[in-house]
Structure formats: C-alpha cells, structure tokens
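So the chains spell out like this:
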Amino acid sequence: MKDKFENAYKTIGEVAKILELKSKNKGVFSTHTIRFWESQFKQVKPKLLNSNRRYYDQKTINILKKIKFLLKDQGMTINGVKKILDNPTNNDTLNLDEISNNSIKTNNFKNKVLKISKIVKNLKNYK
C-alpha cells in the first residue's frame, strides 16, 4: 500500500498509529481513546463518510496531538485541556514546544532539584 500524502484524510486507525495510542494489555493500536476525545473536545471533528467511518484531516490530527501531549505528557485534566483549547488566543499560537519549554514535568522535578543541590554543594566546596 502506498503512503498517503501528508494532506490526505486519515482513518481512525492511522491516527491511532500516528499518536502511538497502544493498548496496554494487547499492544495493538487503540482507537477508543480518540472516540472518547471526540466526545469531550468540540475541536475534534472528523468527517463521517461511508456509513459513519471517521476520516481526519491534518488540522484535526494536530489538535489530537496537542490533546494527547497535554493529557498524557503534561498530566493535565480534561477540563484543563478544554480551557486551553477554548481560549481563542491559543487556537493558532499553541505549539507543543512552547508548553514543554515553559513547564517542568513532575517526574523530572525531583531529579532537577537534586542536580541543583549537588551543584550548590560543589560551589560551596570551591570557596
């Protein structure tokens, strides 16, 4: 099968692969998470064709990437992500890199504090 063009519509299975949404138990790509996000976020609007088959354009896939990043990587709640996505100033300016650069993940926070304390101790020893 040929690879689809970048701007072509993708099926829900292809989007699950793009987002790397694997089922924990079976290790297969899971589409139910995308369907759930559709029900929670009004910004996710796939085209429904051929007896309700879902097709996603690149804009919708980018929104799903932001949702996944905010929920899974940043640990935000669904309501928190809704507030970000509902804010009109964030619609076109919200980049995943901006969020990751401006926040500290909680799982890395302890390691960063330990590294800083070691640096401070080493600086005190140089006096």
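Residues numbered from 1 in each chain as written. Predicted model: local features only at pLDDT ≥ 70, side-chain atom pairs only at ≥ 80, totals over all residues. Heavy atoms only, no water.

## Considering the overall build of the chain
- Helix and strand content of the chain: six helices and three strands.
- Along the chain, helices and strands appear, N-terminal first, in the series β-α-α-β-β-α-α-α-α.
- Looking at the chain residue by residue over its 127 residues, the buried ones come to 28%.
- Put simply, the chain shows about 9800 Å² of open surface, and 51% of that area lies on carbon and sulfur atoms. (Helix = DSSP H or I, 4+ residues; strand = E, 2+ residues; numbered from the N terminus. Buried < 20%, exposed > 50% of the residue type's maximum accessible area, 1.4 Å probe, protein only. Areas by Shrake-Rupley, 256 points an atom, 1.4 Å probe, with all protein chains shown as cover.)

## Structural notes on the pairing of strand β3 (residues 53–56)
- As judged from the two bridges shared by strand β1 (residues 10–11) and β3, these two strands associate in the antiparallel manner. Looking at β3, one finds that T11 is bridged to Y55.
- For strand β2 (residues 47–49) and β3, the ladder comprises three bridges, and the chain directions are antiparallel. Directly across from L49, in β3, lies its bridge partner R53.
- The antiparallel hairpin formed by β2 and β3 contains three residues in its connecting segment, where N50 sits at a positive phi of about 45°. (Pairing = 2+ DSSP bridges.)

## What about the nonpolar core?
- Counting residues in hydrophobic clusters, the biggest one holds 20 residues, and the most contacted among them are I34, W37, F41, Y56, L64 and I67.
- Every element with two or more residues in this core is listed here: α1 (12–19), α2 (32–40), α3 (58–73) and α4 (78–86).
- Of all the elements, α3 adds the most residues to this core, at seven residues.
- Contact partners of I67, with chain neighbours within four places excluded, come to W37, F41, V44, V81 and L85. (Core = buried A, V, L, I, M, F, W, Y, C linked by side-chain atoms within 4.5 Å. Contact = heavy atoms within 4.5 Å.)

## Thoughts on unusual backbone geometry
- Positive phi values are uncommon outside glycine, yet E20 reaches one of about 55°.
- Among the secondary structure elements, E20 is positioned in the loop between α1 and α2.
- Among the residues examined, E20 registers a relative accessible area of 58% and is labelled exposed.

## A short note on a nonpolar patch on the surface
- A cluster of nonpolar side chains, namely I119, L123 and Y126, defines an oily patch on the protein surface of about 390 Å² accessible area.
- Positionally, Y126 belongs in the segment after α6 (106–125).
- Judged by its relative accessible area of 69%, Y126 is exposed. (Patch = residues over 30% accessible without salt bridge, like charges linked within 9 Å, V, L, I, M, F, W, Y side chains within 5 Å. Salt bridge = Lys/Arg side-chain N within 4 Å of Asp/Glu carboxyl O.)

## A few points about α3
- Over its 16 residues, α3 runs 21 Å from end to end, which matches the ideal 22 Å to within 8%, given 1.5 Å per residue.
- Within α3 the residues assigned to the buried category are T60, I61, I63, L64, K66, I67, F69, L70 and L71.
- One or two steps after α3, the chain reaches G75, where phi turns positive at roughly 75°. (Expected span 1.5 Å × (residues − 1).)

## Description of the packing of α1 against α2
- Two elements in contact, α1 and α2, have axes whose closest approach is 9 Å; the angle formed by their N-to-C orientations is 100°. Between α1 and α2, the angle is such that the two are roughly perpendicular. Contacts from I12, V15, A16 and L19 of α1 reach α2 at I34, R35 and W37. (Axes fitted to C-alpha atoms, helices over the stretch in contact; angles between N-to-C directions. Parallel < 35°, antiparallel > 145°, perpendicular 65-115°, else oblique.)

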